[in-house]
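# Observations on chain architecture
Below, each chain spelled out in residue letters.
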Amino acid sequence: MVDIHSHILPQVDDGAQSWDIALEMCRMAAGDGISDLVATPHANDRYSYDRSQHQAAVARLQEALGPAPRLHLGCDFHFTFDNIQDALAHRDRYVIGKTSYLLVEFSDFALPPSLPDALYRLQSQGLTPIVTHPERNPLLQRQPEKILRLAEAGCVIQVTAASLTGRFGETARRLSKWLLRREAVHILASDAHDLEDRPPILSAGRDAVSDLCGPEVSLALVEQNPRAVLHNQPLPYFPHPRNA
């Protein structure tokens with residue numbers, strides 16, 4: 001499996017708080033069957049994002065860890081005006097590896113009226129937004145049809161694996177299933193932050209998807225699609241969302 005969203009880099013945000021914890025998180029991911037793990041530090045008002053420093057931390061962590069899992073660098077990109085302007089000016093600063101895929105996190109408090117236009121601006125520069133955990137966003141929970149519109153506009157929809165097992169509450173679990181039934185989920189990721197409360201585990205979410213949608217879809221969400229992201233390829237599973 002491939003996990004494209006995790007906070008394993010130590011002492012850079014609200015994720016791993018030490019190098020020992022970071023190493024144990026990576027080993028836990030490997031034990032769950034994750035072969036590739038993308039470190040995605042936050043870029044928001046609280047945490048600055050320094051690509052070169054984060055890349056050096058990824059290299060140091062990989063050296064200490066050994067060959068498995070393979071580590072990559074991305075960003076948990078907060079969707080603000082300043083961030084968008086910087087991403088447009090520096091296209092490769094926030095993407096996953098050297099790809100065109102960009103994780104995008106929306107605010108829990110406001111969705112700008114210009115959201116479609118801002119996403120289109122990123123897409124017009126060759127970037128593909130991956131909308132992270134919309135099922136956990138309280139604004140989108142009240143307007144789930146907007147998530148379908150995002151998928152229709154070409155955005156990749158990434159659901160947190162633990163949302164399907166109830167970790168983030170019943171509303172997030174129900175919305176995750178609602179999106180899956182409408183074929184509007186493209187990737188599962190852990191959004192791991194620690195070893196206990198939010199660990200780097202995909203298998204339980206994968207199994208929940210398999211029970212609901214079948215093993216072919218679950219394989220697409222944890223293996224085929226996220227691996228296509230790493231290789232900067234079109235997603236093999238990207239159906240048109242169903243409205244009913």
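The structure under discussion appears in the preceding block.
Now for a quick tour of the structure. All values reported here derive from a predicted model rather than from experimental measurement.

For the rest of this paragraph, the subject is the pairing of strand β7 (residues 128–132). Most of β7 sits inside the fold, with five of its five residues counted as buried. Burial of β7 is two-sided: the residues Thr128, Ile130 and Thr132 facing one way and the residues Pro129 and Val131 facing the other way are all buried. Here strand β6 (residues 101–105) pairs with β7 via four bridges, running parallel. Across the sheet, tyrosine 101 pairs through a bridge with threonine 128, a residue of β7. With helix α4 (residues 115–124) bridging β6 and its parallel neighbour β7, the resulting β-α-β unit is right-handed. Pairing between β7 and strand β8 (residues 156–160): three bridges, direction parallel. Pairing of isoleucine 130 across the sheet is with valine 156, part of β8.

The subject of this paragraph is empty space enclosed by the protein. One pass over the structure, following the stated rule, counts one cavity of 30 Å³ or more. Roughly 30 Å³ of internal volume is contained in the largest cavity.

This part covers helix α1 (residues 19–31). Taking 1.5 Å per residue, 13 residues should reach 18 Å; α1 reaches 18 Å between its end C-alpha atoms and fits that length. Within the sequence span of α1, burial applies to Ala22, Leu23, Met25, Cys26 and Ala29. Looking down the long axis of α1, one finds its buried residues gathered within 160° of arc, a one-sided arrangement. Exposed residues on α1 whose side chains face more than 90 degrees from its buried face are Asp20 and Gly31. Considering only its buried residues, α1 is in contact with β2 (36–39), α2 (51–65) and β4 (70–73). Following α1 by one or two positions, glycine 33 adopts a phi angle in the positive range, close to 100°.

Another aspect to go through is the sheet that holds β2. Reading across the sheet, the three strands line up as β1-β2-β4 and stay open at both edges, with parallel pairing between neighbours. In the strand order of this sheet, the two ends are held by β1 (2–6) and β4, each with one partner. Taken pair by pair, the neighbouring strands of this sheet meet at an average axis angle of 25°, ignoring direction. Alignment of β2 against β4, held across four bridges, turns out to be parallel. Looking across to β4, one finds that leucine 37 is bridged to leucine 71. Relative to β4, α2 is tilted by about 175°, and along the sheet it contacts β2 and β4. Sitting on the sheet, helix α9 (residues 215–230) touches β1, β2 and β4, and the angle it makes with β1 is about 65°.

Attention shifts here to the packing of helix α8 (residues 203–213) against α9. As a packed pair, α8 and α9 sit with axes 7 Å apart at the nearest point and diverge in direction by 145°. Crossing angle aside, the handedness with which α8 passes α9 is right-handed. Along the contact surface, α8 presents Arg206, Val209, Ser210 and Cys213, while α9 presents Pro215, Val217, Ser218, Leu221 and Val222. Class assignment of the residues belonging to the contact of α8 with α9 gives a composition of six nonpolar, two polar and one charged.

Attention now moves to the pairing of β1. Where burial is concerned, most of β1 is hidden: five out of the five residues are buried. Two elements, β1 and β2, share three bridges in a ladder whose sense is parallel. Paired with serine 6 across the bridge in β2 is alanine 39. As for the winding sense of the linkage, the β-α-β connection from β1 through α1 to β2 is right-handed.

This brings us to the environment of asparagine 44. Residue position: asparagine 44 is located in the loop between β3 (42–43) and α2. Looking at asparagine 44, the relative accessible area reads 25%, which means it is partly exposed. In this structure, the C-alpha to C-alpha distance between asparagine 44 and histidine 78, residues 34 residues apart in sequence, is 5.4 Å.

About the criteria used
Residues numbered from 1 in each chain as written. Predicted model: local features only at pLDDT ≥ 70, side-chain atom pairs only at ≥ 80, totals over all residues. Heavy atoms only, no water. Buried < 20%, exposed > 50% of the residue type's maximum accessible area, 1.4 Å probe, protein only. Helix = DSSP H or I, 4+ residues; strand = E, 2+ residues; numbered from the N terminus. Pairing = 2+ DSSP bridges. Right-handed = clockwise from strand over helix to strand, strands pointing away. 1 Å grid on protein atoms, 1.4 Å probe; cavity = no way out; pocket = protein on both sides within 12 Å on 5 of 7 lines; lining within 4 Å. Points joined across faces, edges and corners; volume = space filled by probe spheres on them. Expected span 1.5 Å × (residues − 1). Arc of directions from axis to C-beta. Contact = heavy atoms within 4.5 Å. Axes fitted to C-alpha atoms, helices over the stretch in contact; angles between N-to-C directions. Left-handed = near helix turned anticlockwise from the far one by under 90°. Nonpolar A, V, L, I, M, F, W, Y, C, P; charged D, E, K, R; others polar.

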